[in-house]
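# Fold and contact review
This is what each chain is made of:
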2 protein chains.
Amino acid sequence: MSNDIYRTYQLQPPAHLNDIKTTVICPATEKHVKKYLLQETYLVEETGEDYRTITLPYIQSQSFSVQWVYNILEKKAEAERIVYEDPDQDVGFVLLPDFKWDQKQLDNLYLIAIVHRRDIKSLRDLTDMHLLLLSNIRKKGEENILKRYGLAASKLRVYLHYQPSYYHLHVHFTALSYEAPGCGVERAHLLSDVIQNIQMDSQYYQSRSLSFPLRADDNLLSKFKEAGKL
Amino acid sequence: MSNDIYRTYQLQPPAHLNDIKTTVICPATEKHVKKYLLQETYLVEETGEDYRTITLPYIQSQSFSVQWVYNILEKKAEAERIVYEDPDQDVGFVLLPDFKWDQKQLDNLYLIAIVHRRDIKSLRDLTDMHLLLLSNIRKKGEENILKRYGLAASKLRVYLHYQPSYYHLHVHFTALSYEAPGCGVERAHLLSDVIQNIQMDSQYYQSRSLSFPLRADDNLLSKFKEAGKL
């Protein structure tokens, strides 16, 4: 290929420049194997109506336990890991390091803000009733990460997942330099965008089509297929 | 390293399994060299006003060459690489593989749709005047990727960058399974979201604050700093 100043070639690097770091797990359980198996994913485009008729009934039928979240909020577990808390029951939250972060360096900083309110499942529940909560999380989350870790707001990516991995509202704070799993545009929603969208239209997240990836073995994907939506 | 069931090794693959696709840029400007150096990045939040007073004057003052884009549109270069073309001068575009994709497997499929119109610099210029163009790119881009590569729309991530790396409107089509560079929420905007946002408010992308990362050595970052915006 050749165009203007650009040309492409195939190269073969010499062996000594070409070490590959390999991890061997032996013996491996079924669970290990599954973790590393490439799972096909599908992008689903969920309308507001799809949420109410497919996703919401599915979430409710599963009654996923979030007891571990309540344990954190009630200081029955991980109390010593909490970096900051705003105890207000309406706009308050707990900020703590995500399990994926070893806290050894800032390059892959990863914290989670978990709200005290227990009535917000996900992005889909947010309206202008929650603007104070969302602004509070952004402001105090950023302030306290700066205070504790010296990392400024301009070095952070602050976002929600949709679908989330558990249905109790939480916000991700990751180092901008870190390509965190799940920070792709198909799953992440910047908190700053969420706030602006709700300011413009309180029903933004009830009325909009939202796209998200689902793994082939996810039961929610089967529900969408059954409904003829994929 | 050895710990319980885990062990790490250094491997060297045989040469024939180890082609590296290389792009040579010659002559390269200072800007090309910078693009490939590891750099600190900062998240900038650009209001609509910031765009008009800081970013737009900067883009205009730089007069970045997009001659290579015009070469493609005029079939003066890469004509044999074109996968699909809609020649309409208003809603048409050219679809071709991105340089980063070697076209050997679908896992990292990466195509770019480049519009024929030459008057749209980026997301910031889009209004309801461009809805037909955007829908056309989505529909025909997806149809032709299915036809040519057998990959369905549900396996694709279709998005724009803001800031883009060149100011002539183009849309990225990447395999959903591929964590393509630049598909993070801080830079990518799903085409499906862009279309919905403009349908809701024609001025959405002129009035909204948009966040994006800038490298420490990017002159646009200096402009934001000089304006006291960072």
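Here is a short report on the structure shown in this document.

Cut-offs and rules
Residues numbered from 1 in each chain as written. Chains lettered and ligands numbered in written order. Predicted model: local features only at pLDDT ≥ 70, side-chain atom pairs only at ≥ 80, totals over all residues. Heavy atoms only, no water. Helix = DSSP H or I, 4+ residues; strand = E, 2+ residues; numbered from the N terminus. Buried < 20%, exposed > 50% of the residue type's maximum accessible area, 1.4 Å probe, protein only. Contact = heavy atoms within 4.5 Å. Areas by Shrake-Rupley, 256 points an atom, 1.4 Å probe, with all protein chains shown as cover. Buried area = accessible area lost by both parts, 1.4 Å probe. Salt bridge = Lys/Arg side-chain N within 4 Å of Asp/Glu carboxyl O. Polar contact = N/O pair within 3.5 Å; in protein donor to acceptor, adjacent residues only side chain to side chain. Nonpolar A, V, L, I, M, F, W, Y, C, P; charged D, E, K, R; others polar. Patch = residues over 30% accessible without salt bridge, like charges linked within 9 Å, V, L, I, M, F, W, Y side chains within 5 Å. Pairing = 2+ DSSP bridges. Axes fitted to C-alpha atoms, helices over the stretch in contact; angles between N-to-C directions. Left-handed = near helix turned anticlockwise from the far one by under 90°. Disulfide = S-S within 2.5 Å.

### Quick word on the overall build of chain A
Counting its secondary structure elements, chain A contains seven helices and eleven strands. On the principal axes, the C-alpha backbone points of chain A span a range of 60 × 50 × 50 Å. Evaluated residue by residue, chain A yields a buried proportion of 52% over its 230 residues. Counting contacts in chain A only where the partners sit at least 6 residues apart, residues at least 24 apart contribute 67% of the total. As presented, chain A carries roughly 11600 Å² of accessible surface, and 52% of it is formed by carbon and sulfur atoms.

### Looking at the interface of chain A and chain B
Contacts between the two partners involve 55 residues from chain A, matched on the other side by 60 residues from chain B. When chain A packs against chain B, close to 5300 Å² is buried across both sides, 51% of that on carbon and sulfur atoms. On the surface where chain A and chain B come into contact, there are eight salt bridges. Note that Asp193(A) is salt-bridged to Arg208(B), the shortest N-O span being 3.7 Å. At the surface where chain A touches chain B, the tally comes to 26 residue pairs in polar contact (both at pLDDT 80 or more). Secondary structure elements with two or more residues in the side of chain A that touches chain B: β2 (6-11), β3 (20-25), β4 (41-46), β8 (156-161), β10 (188-190), α5 (191-200) and β11 (210-215) of chain A. Among the residues forming the side of chain A that touches chain B, the class breakdown is 24 nonpolar, 18 polar and 13 charged.

### Remarks on a nonpolar patch on the surface
A cluster of nonpolar residues, Tyr9(A), Leu11(A), Ile20(B) and Val24(B), forms a patch on the protein surface that exposes about 330 Å² of accessible area. Among the secondary structure elements, those contributing two or more residues to the nonpolar patch are β2 of chain A together with β3 (20-25) of chain B. Here Val24(B) lies in strand β3. Looking at Val24(B), the relative accessible area reads 34%, which means it is partly exposed.

### Thoughts on the pattern of salt bridges
What the rule picks out here adds up to 38 salt bridges over all chains. With a closest N to O distance of 2.8 Å, Lys155(A) and Glu40(B) form a salt bridge. Highlighted residues: Lys155(A) in the loop between α4 (131-149) and β8 and Glu40(B) in the loop between α1 (30-36) and β4 (41-46), drawn from two different chains. The salt bridge partner of Lys140(B) is Asp86(B), with a shortest N-O separation of 3.0 Å. A residue pair is termed long-range when its members are at least 10 positions apart, and Lys140(B) in helix α4 (residues 131-149) and Asp86(B) in strand β5 (residues 84-86) qualify at 54 residues. Its relative accessible area of 24% is what places Lys140(B) among the partly exposed residues. Within the structure, one salt-bridge network assembled from shared partners comprises Glu45(A), Arg138(B) and Glu142(B).

### So, unusual backbone geometry
What is expected of a backbone is that most residues other than glycine have negative phi and most peptide bonds are trans. Pro27(A) follows Cys26(A) through a cis peptide bond whose omega is 0 degrees. Secondary-structure assignment places Pro27(A) in the loop between β3 and α1 (30-36). With omega at -10 degrees, the peptide bond leading from Tyr162(B) into Gln163(B) counts as cis. Tracing the chain through its elements places Gln163(B) in the loop between β8 (156-161) and β9 (170-175). With phi around 60 degrees, Lys75(A) is a residue other than glycine that occupies positive phi space. Relative to the elements of secondary structure, Lys75(A) occurs in the loop between α3 (67-73) and β5 (84-86).

### Concerning the sheet that holds strand β2 (residues 6-11) of chain B
Each strand in a sheet pairs with another by means of backbone hydrogen bonds, the pair being arranged parallel or else antiparallel. Across the sheet, three strands lie side by side as β3(A)-β2(B)-β1(B); this open sheet has antiparallel pairing. The two strands at the open ends of the sheet, each matched to only one other strand, are β3 of chain A together with β1 (2-3) of chain B. By the bridge criterion, two bridges tie β1(B) to β2(B) in an arrangement that is antiparallel. Bridge assignment links Ser2(B) to a residue of β2(B), and that residue is Arg7(B).

### Quick look at the packing of helix α2 (residues 48-62) of chain A against helix α7 (residues 219-226) of chain A
Residue and element names in this part refer to chain A. Contact geometry for α2 and α7: axes closest at 10 Å, N-to-C directions at 145 degrees. Remark: the crossing between α2 and α7 carries right-handed chirality. Between α2, through Asp50, Ile54, Thr55 and Tyr58, and α7, the contact on the second element is made entirely by Asn219, Leu220, Lys223 and Phe224.

### Side note on α5(A)
Burial analysis of α5(A) places eight of its ten residues in the buried class, the great majority of the element. Of the residues making up α5(A), those classed as buried are Leu191(A), Ser192(A), Asp193(A), Val194(A), Ile195(A), Gln196(A), Asn197(A) and Ile198(A).

### Some points on the state of the cysteines
Here the structure, examined in full by the defined rule, presents zero disulfides over all chains. Residue Cys183(A) stays outside any disulfide, its sulfur separated by 7.2 Å from that of Cys183(B), the closest cysteine. Residue classification places Cys183(A) among the buried residues on the basis of a relative accessible area of 6%.

### Let's talk about the side chain of Glu78(A)
All names here are of chain A. By the secondary structure assignment, glutamate 78 is in the loop between α3 and β5. Here arginine 81 takes part through its side chain, which lies 2.5 Å from a polar atom of the side chain of glutamate 78. Beyond its immediate sequence surroundings of up to four residues, glutamate 78 is in contact with Ile72, Leu96 and Phe99.

### Notes on the side chain of His130(A)
All names here are of chain A. Structurally, the position occupied by histidine 130 is in the loop between β7 (110-115) and α4. Residue histidine 130 is classed as buried on the basis of its relative accessible area of 7%. Discounting residues that sit within four places of it in the chain, histidine 130 has contacts with Arg117, Ile120 and Asp125.

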